[in-house]
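The lines below spell out each chain.
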Amino acid sequence: QLDELSGKMNELHAKKEDIDKAMTGKREEGKQMRTQLNNMKQSIGFTSEKDIDKRIADIEFQLCTTSMALKDEKKLLAEIQALKRNRPKVNQVAQMESQLSSFD
């Protein structure tokens, strides 16, 4: 009888260790996802497509109404191109946030 009980205890300890390993793996995965999400947020600098569109419109208005040096104009055009490239990333960030909220 004692051997049976100690065998069951060993089984339960093994199951507990497996569950702990799985939980640790999931926590690490969550941490990696959060880190990746924060890095993407920092690289984009905007939280929504509306913000990006507003910034693009502001720059275009400035280009049309202000006289400036060619160098400055090129900088603004480069910023517009970068904003247009980052627009799809905003959706990616939103999807990753929803995945993280469901992940927890």
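Everything discussed here concerns the structure shown above.
Residues numbered from 1 in each chain as written. Predicted model: local features only at pLDDT ≥ 70, side-chain atom pairs only at ≥ 80, totals over all residues. Heavy atoms only, no water.

Draft legend 1. Structural view of the overall build of the protein. Helix and strand counts for the protein stand at 3 helices and 0 strands. Along the protein, from the amino end to the carboxyl end, the secondary structure elements read α-α-α. Computed over its C-alpha atoms, the radius of gyration of the protein comes to 26 Å, more than 25% above the 13 Å expected for a compact globule of 104 residues. Over its C-alpha atoms, taken along the principal directions, the protein stretches across nearly 95 × 20 × 10 Å. In the protein, which comprises 104 residues, the share counted as buried stands at 16%. For the protein, the share of sequence-separated contacts (at least 6 apart) that also reach a separation of at least 24 residues comes to 77%. As presented, the protein carries roughly 8400 Å² of accessible surface, and 53% of it is formed by carbon and sulfur atoms. (Helix = DSSP H or I, 4+ residues; strand = E, 2+ residues; numbered from the N terminus. Rg over C-alpha atoms; globule rule 2.2 N^0.38 Å. Buried < 20%, exposed > 50% of the residue type's maximum accessible area, 1.4 Å probe, protein only. Contact = heavy atoms within 4.5 Å. Areas by Shrake-Rupley, 256 points an atom, 1.4 Å probe, with all protein chains shown as cover.)

Draft legend 2. Seen up close, helix 2 (residues 49-65). When the terminal C-alpha atoms of helix 2 are compared, their 24 Å separation across 17 residues agrees well with the 24 Å that a helix rising 1.5 Å per residue should span. Among all positions of helix 2, only Ile-52, Ile-56, Ile-59 and Leu-63 are buried. The buried residues of helix 2 all sit within an arc of 65° when viewed along its axis, so they share a single face. Of the residues in helix 2, the exposed ones pointing more than 90 degrees away from the buried face are Lys-50, Lys-54, Phe-61 and Cys-64. (Expected span 1.5 Å × (residues − 1). Arc of directions from axis to C-beta.)

Any functional reading would require information that these geometric values do not contain.
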